[in-house]
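# An overview of the molecular structure
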Amino acid sequence: MARTMSVRSRGGEEHPLLEVLRRLDESGLAALLEARPDLLEPPPHTLPELAARALAPASVEICRHALDHGARQVLEALCLLPSPTTLGALIDLLRIDDLEAAADLADVTGRLCERALVARHGDRLQLLVRPEVPHPAGLGPPVRVALASQPAAVLEACADRLGVGGGATKAATLANIGKALATPGLLIDLLTEAPEGAAEVAASLAFGGPEGRAAGALYAAARSDHTPIGWLLSRGVLAPISWDSVVLVGEAGLALRGGRAFPDLALRAPEFSLQPVDAAAADRAAAERALRLVADITTILDRWAADAPKQLKAGGLGVQVVRRAAKVIDRAEVETARVVELAVAAGLVSIDAKSDSALPLPAYDQWSDLDVAGRWAHLVGAWLRWDLHLCLAGAVDTKRKPIPPMLVRAHESRAVARRRRVLETLAEIPPGHSVTVESLFGRATWDRPGLWASGLTSGEGLVTWSLLECELLGLTGLGGLSTWGRLVATGDIEGARAALDRLVPAATSQFVVQADLTALAPAELVRPVQAELESMADLESRGAAVLFRFTEASVRRCFEAGRTGADILAFLDAHAAKGVPQALRYLVNDVARRFGQVRVVATRCCLRSDDQALLAEVVASRAAARLGLRLLAPTVAAASADPPTVLAALRDAGYAPAEEGADGALVLRRPPRRRAVPDRRLAALTGRPSNVDAAFGPVGDPFAAGTAAAVGPAAAKAGAGPDYAATAARLLRTEAPAPKPPAPKPPAPKTPAVELPLPASVTRGMPPPVASAFDLSPAGGRPERIARDPAAVADLLQRALVEGWPVRMAYTNKKGNSTQLNAAVLDVGRREVIVELLSGWESRVLALSRVSWVRVLTEAEEDSL
């Protein structure tokens, strides 16, 4: 059986939203669910259930947070007007005076209708749900709300100072004050006569936020009319909201703005500031960065596998560790910290639970077996899911110290969405062009204003971070999005991998050995050849080409790993494309002649050498003193230390000993492959997978994490998108009763909105200020009913807050004593209501559950207070 849910408005009748949903066809419902994916978790069964969910404050806030800047401005402007209102009133309030801006307004209202925030019927607009915005359009509350708690005598004195006089009732006096303050000419003339600083205070609050601090605000008006705050308070321009806070009334703020609700109205997305760039050159630059990133991560993790750095006591890697890694890969320390953090995000490195050191994870071996483009694609997929900003690693904290990489930090829920927004914005730029950071920031913040509000850094700083991360990964080149970067922006990681792979030279087994004892590989070497070359030469630089250098120490290292001179020269002859220079042959033969002349016997421990003079020299050296060396024969010496200690000491002393087994053959000892055992406590804190399969899985949908965070796991698993929304809409339309015959609709509309006619006010120039912009009074006047049900109590208090009506309520305290109170409602929360008692000017916080009943005072009762 389908579940039903009652959706009732404040007066007890069905909410208008339910009727709007009933008139939607299947495509309209699908558009609503696609625009507000949180409504799909869990999937609604009936239209009343969908309406109740769409009216929930949490859902409304999620929807408002996802609106663009223009839609937010129009929604807040509608909060200032009575509902329903006309399109002409909205145009007058927004000061729209041309056909192009009017067309933009029609597009914006269409987006609001698509999200079931506004209903549009011809020239009439109805706000279906009022979002919880403290000060819509940055304007304070209207006079009748801000000054409602002031005594009638104070209001009459205020009206007299404004030159309009009081009214027959308190409500009439408030109306006179509101009309006077809404007149720009009258207010400007008053401010010219005000004490010095009063006009600046009023202008600051009008354009920078209506609330301000003023010590003794409740008593400033009575104490002095010669101070700026006191003068403004005594004329109703400011209203006290606490002992040390004031608010600029809405009518005054609107008048100071010249009757314009928004000084910077922006209904259309700002244009990009484009600069031409060679698309092919941009791809080459981006490919070079991508290949270098893969190579640098390989270099760092290979070194850490042999010599793992310890983490700091507070967590993360120290400055010295980052500095050494930066020197190896030839990057700045800040950029190196980001490279390390990216390796952590990709599940390639972690802190070993036993040694407390940074070691590669087993997934690193699987990653290394992929081709270059595959390794890069894995890094990009991990970055898109990573819920931390890479640029935090290496950034300077509040103590002016760099933040270490691999530090356990709190999740940043918006990091994934910010990357997606920057990529999508970059994808809007036509190929062959780049854009400035300022232009990109303006466009990204217009698309999603609430996405960039964070305490980490400024909004422009967050956009810059995302751009730096894109540049590090090779998604951008020369300031423009690369070919594979555009594919990543659409979520096609596999296509991006293939696009990059076309520019990556094929792996080769050949390299060029030069006369200066260097080996140059023009492309990536196949893994066995590269491993063998790394054992006999030192890596000097990576990039589009890889450069190795042969030294005496590197060649001796290869001998110590068990190779002979013949083995080394045979390998070089097989893979050196232009042959082996004579200088390198001399170096290999020279090291081969001296290597193994002294041999360490594993009988704790003997040294054997055919060169009697050399063995005598070793026994007489300083190193022999701590090794306990003594000659047993001209060619044999004994030691009290074990073979590893003897080998290490003799090598430090400059000799080239070789280890010999009991059978007389050389002992081959390769460096062990060390891998981290992930700390389960670290995985629990960070939410990162500790097993190999979870850490190194298929790339899949790069935005799956962001989708799950937005719409919930069930909807994300089902693939919340156009198909999923269409299926849910079809089921809802099947469950819903047959709608009333709707009015004729345009062919195949995306939204239920109809075409908006352009009011005549658009064609007759700039309209005068609208004094009734804050007139929120309903047509039916004050309700006379007494609310007793908890939901009805909260609903009536919320309406009294909006309308500025004083109320009478019965409240039961913790001791069980019931009291009747006359109060002005200051704020209504989910569990508490803040009121100001009309007898005593005392603010109190009351629990909604203890309010037995509430009713609105009549105008006669209000005047008698």
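Computed from a prediction, not measured in an experiment: that's the story for all the values here. (Residues numbered from 1 in each chain as written. Predicted model: local features only at pLDDT ≥ 70, side-chain atom pairs only at ≥ 80, totals over all residues. Heavy atoms only, no water.)

## Regarding the side chain of Arg448
Mapped onto the elements, Arg448 comes out in the loop between α22 (437-447) and α23 (459-472). Excluding residues that lie within four positions of it along the chain, Arg448 makes contacts with His65, Ala66, Leu67 and Arg421. (Helix = DSSP H or I, 4+ residues; strand = E, 2+ residues; numbered from the N terminus. Contact = heavy atoms within 4.5 Å.)

## Brief notes about the pattern of salt bridges
Per the counting criterion, the structure on display carries 32 salt bridges. Its salt-bridge partner being Asp104, residue Arg268 comes within 2.9 Å of it at the nearest N-O pair. Here Arg268 is found in the loop between α15 (250-256) and β7 (274-276), whereas its partner Asp104 is found in helix α7 (residues 99-114), with 164 residues between them in sequence. Residue classification places Asp104 among the buried residues on the basis of a relative accessible area of 12%. With a closest N to O distance of 2.4 Å, Asp590 and Arg593 form a salt bridge. Highlighted residues: Asp590 and Arg593, both in helix α29 (residues 582-594), separated by three residues, approximately one helical turn. In this structure Arg593 comes out as exposed when scored by relative accessible area, which is 53%. Taken together, the salt bridges that share partners define one network made up of Arg292, Asp296, Arg331 and Glu335. (Salt bridge = Lys/Arg side-chain N within 4 Å of Asp/Glu carboxyl O. Buried < 20%, exposed > 50% of the residue type's maximum accessible area, 1.4 Å probe, protein only.)

## A word on the packing of aromatic side chains
Each pair of aromatic rings is reported with the distance of its centres and the angle of its planes. All told, the structure shown has three aromatic pairs when counted by the stated rule. Centroid distance Phe559 to Phe595: 5.3 Å. Interplanar angle 40 degrees. Geometry classified as tilted. Remark: Phe595 occurs in the loop between α29 and β17 (599-601) and Phe559 occurs in helix α27 (residues 552-560); sequence separation between them is 36 residues. The aromatic ring of Trp367 is capped on one face by Arg375, whose charged end is 5.7 Å from the ring centroid. (Phe/Tyr/Trp six-rings, centres within 6.5 Å; stacked < 30°, edge-to-face > 60°. Lys NZ or Arg CZ within 6 Å of the ring centre and 35° of its normal.)

## A closer look at the environment of Leu631
Tracing the sequence through the fold places Leu631 in strand β19 (residues 630-633). Contact partners of Leu631, with chain neighbours within four places excluded, come to Leu615, Val619, Val636 and Ala637.

## Some thoughts on helix α6 (residues 87-94)
A large share of α6 lies buried, amounting to eight of its eight residues. Looking at the buried residues of α6, the elements they touch are α5 (69-80), β1 (85-86), α7, β3 (124-127) and α15. Two residues or fewer past α6, Arg95 is found with a positive phi of approximately 60 degrees.

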